[in-house]
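Chain and residue survey
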Amino acid sequence: MKKTITLLFTILVGYAQAQNADSVAIRKIYSEALANGKSYEWLRHLTKQIGPRLSGSEGAQKAVDWTKQVMEKEGFDRVFLQDVMVPHWVRGAKEEAFIRSGKQKVNVPLAALGGSVATGPKGVEAGVIEVKSFPELRALGPDKVKGKIVFFNRPMDPTKINTFEAYGGAVDQRANGATEAAKLGAVGAIVRSMNPRHDDYPHVGGMRYGTGVPLIPTAAISTNAADLLSKSLAENPALTFYFKQNCETLPDAKSYNVVGEIKGSEKPDEIIVVGGHLDSWDLAEGAQDDGAGCMQSIEVLRLFKALGIKPKHTLRAVMFMNEENGLRGGVAYADLAKKNNEKHMAAVESDAGGFTPRGFGIVGTPEQRAKVMPWKPLLAPYGLLEIGAGGGGADIGPLAQSGTVLFGFKPDSQRYFDYHHTAADNFEVVSQRELELGAASMAALIYLLDQYGL
């Protein structure tokens, strides 16, 4: 009995000592990030000196070259590029749009959705059918829809506390609205922006055309414009809407994922990835989406080097290309990992903005999630309270097929959709402290993953 008690005591003491050592290490990570962090100045350069980075663009290539140089300058053990063929859609000249009601003509903010076809040089003007859902549209039938512009006006649900949940409940209109409208003979589709607040910024994003369906032009209008159009339709159902856009899809272009790594000291063949997507939409600088996540990911590896933490596993920072309108980078990375027989133990993605850290969503088995739960007391002092089952991320998603456990970094979501996919997503809307806290939070999680595995 005495031996058993002594053994239990020894185990508990060892556990307490390990917890204390981990606590000290995590505290050092946060102190280094907040006192000497580089992510904010890196983000300044990415946004102000390079700017928009839509796949296939000159800006995207400049971002590839520059992030490679940054990681080389930081002295990572290996920095390399992975070839990716990406879609090359261009917006062309600025769009035009107005509501015509009787003799009155009111201009409204509008932006073509990524992947849409152009309207043609004369634009499109037609009557408007307003709907809130696809079933409502289908119930109208071709007789009422043919020759019209379909206006999808379902707002993001303001009662959802997590704004990403509200986004998920509305984004099908943007993705598939043109296809559903075209099936019934519509000549165009316009969509209320994915934005819970009322402003004058159109929120763009990717759309896709269904097979065998006419390709009709589609665009987003701002939430204020959507409210105005809905009100105007109620007053005059015979009004017309005009829009003109000049976008086109060019042949696929060659681009790259940018990868930097620190080699593991004990298990170099087991990899932990941290990353974000380097591409952005073309209306702004892509600061919150996803320049912040990319710079945080590079900062994670810098923190390990700066603190002299030698990881047991190989750590990789990956700047994925083409998340916004194709996911080619994420798919290519997973395909190459499989081809090279690489074992990815875990992957962490930051693609929800550089806001105050709240936690991590985990995609894995119940047993793998249970392995993470004992770490919560170590992370809670830093505001990381939301740790449990949840989403991982689009770019790391393809790795799940090989058994990789996915972690999605969860910042506070309340302000993200104020900027998401708009002309407002510029460097000035990012808080330096929040950005640095996010980088430290991911580094702390990766430190624990590296120490204890899954």
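What counts, and where the lines are drawn
Residues numbered from 1 in each chain as written. Predicted model: local features only at pLDDT ≥ 70, side-chain atom pairs only at ≥ 80, totals over all residues. Heavy atoms only, no water. UniProt positions renumbered as here; feature names shortened; annotations may be inferred. Core = buried A, V, L, I, M, F, W, Y, C linked by side-chain atoms within 4.5 Å. Buried < 20%, exposed > 50% of the residue type's maximum accessible area, 1.4 Å probe, protein only. Helix = DSSP H or I, 4+ residues; strand = E, 2+ residues; numbered from the N terminus. 1 Å grid on protein atoms, 1.4 Å probe; cavity = no way out; pocket = protein on both sides within 12 Å on 5 of 7 lines; lining within 4 Å. Points joined across faces, edges and corners; volume = space filled by probe spheres on them. Nonpolar A, V, L, I, M, F, W, Y, C, P; charged D, E, K, R; others polar. Polar contact = N/O pair within 3.5 Å; in protein donor to acceptor, adjacent residues only side chain to side chain. Pairing = 2+ DSSP bridges. Axes fitted to C-alpha atoms, helices over the stretch in contact; angles between N-to-C directions. Contact = heavy atoms within 4.5 Å. Domains from an automatic or database assignment. Salt bridge = Lys/Arg side-chain N within 4 Å of Asp/Glu carboxyl O.

An unreviewed UniProt entry lists the protein chain under the name Carboxypeptidase Q, with Spirosoma pollinicola given as the organism. Looking at the protein chain in UniProt, the text filed under Subunit (unreviewed entry) is "Homodimer. The monomeric form is inactive while the homodimer is active."

For the rest of this paragraph, the subject is the nonpolar core. Formed by 70 residues in total, the largest nonpolar core has its most connected members in Ile26, Leu278, Phe304, Val348, Phe407 and Leu449. The greatest single-element share of this core, amounting to eleven residues, is contributed by helix H13 (residues 432-452). With 30 residues, the next largest nonpolar core counts Ala166, Tyr167, Met207 and Phe355 among its residues.

Our next topic: the layout of surface pockets. Size it by volume and the largest pocket reaches roughly 1100 Å³. Around the largest pocket sit 46 residues that line it, and Phe164, Tyr167, Glu323, Asp351 and Ala394 are the ones nearest its centre. Elements that contribute at least two residues to the lining of the largest pocket include exactly strand S1 (78-90), helix H5 (163-168), helix H6 (172-183), strand S14 (357-363), strand S15 (386-389), strand S16 (405-411) and helix H12 (416-419). Looking at the lining of the largest pocket residue by residue, the class counts come to 17 nonpolar, 18 polar and eleven charged. For the second largest pocket, the calculated volume is near 220 Å³. Taken together, 14 residues line the second largest pocket, and the ones lying closest to its centre are Lys94, Glu95, Leu110, Ala111 and Pro202. At the level of secondary structure, the elements contributing two or more residues to the lining of the second largest pocket comprise strand S2 (96-101) and strand S4 (110-112).

Bringing the side chain of arginine 91 into the picture now. Among the structural elements, arginine 91 can be located in the loop between S1 and S2. Overall, arginine 91 belongs to the buried group, its relative accessible area being 8%. Within the structure, arginine 91 has its side chain in polar contact with the backbone oxygen of alanine 112 (distance 2.9 Å).

To continue, consider the sheet that holds strand S8 (residues 218-221). In space, the eight strands of this open sheet follow the order S3-S2-S9-S5-S6-S7-S8-S4, with mixed pairing throughout. Only two strands of the sheet have a single partner each, and these edge strands are strand S3 (104-107) and S4. Neighbour to neighbour, the strand axes of the sheet diverge by 30 degrees on average, direction disregarded. As defined by bridge partners, strand S6 (residues 149-152) adjoins strand S7 (residues 188-192) across four bridges and the pair is classed as parallel. Paired with phenylalanine 151 across the two strands is isoleucine 190, which belongs to S7. In this fold helix H4 (residues 134-145) packs onto strand S5 (124-131) and S6, with an angle of close to 135 degrees to the strand it touches most, S5.

This next bit is on the domain arrangement of the protein chain. Partitioning the protein chain into structural domains gives domain 1 (30-87 + 251-452) and domain 2 (95-247). For domain 1 and domain 2, the distance between their C-alpha centroids amounts to 33 Å. Between domain 1 and domain 2, the contact holds 14 residues from the first and 20 residues from the second. A salt bridge links aspartate 418 to arginine 197, with the nearest nitrogen and oxygen atoms 3.7 Å apart. The interface formed by domain 1 and domain 2 contains four residue pairs in polar contact (both at pLDDT 80 or more).

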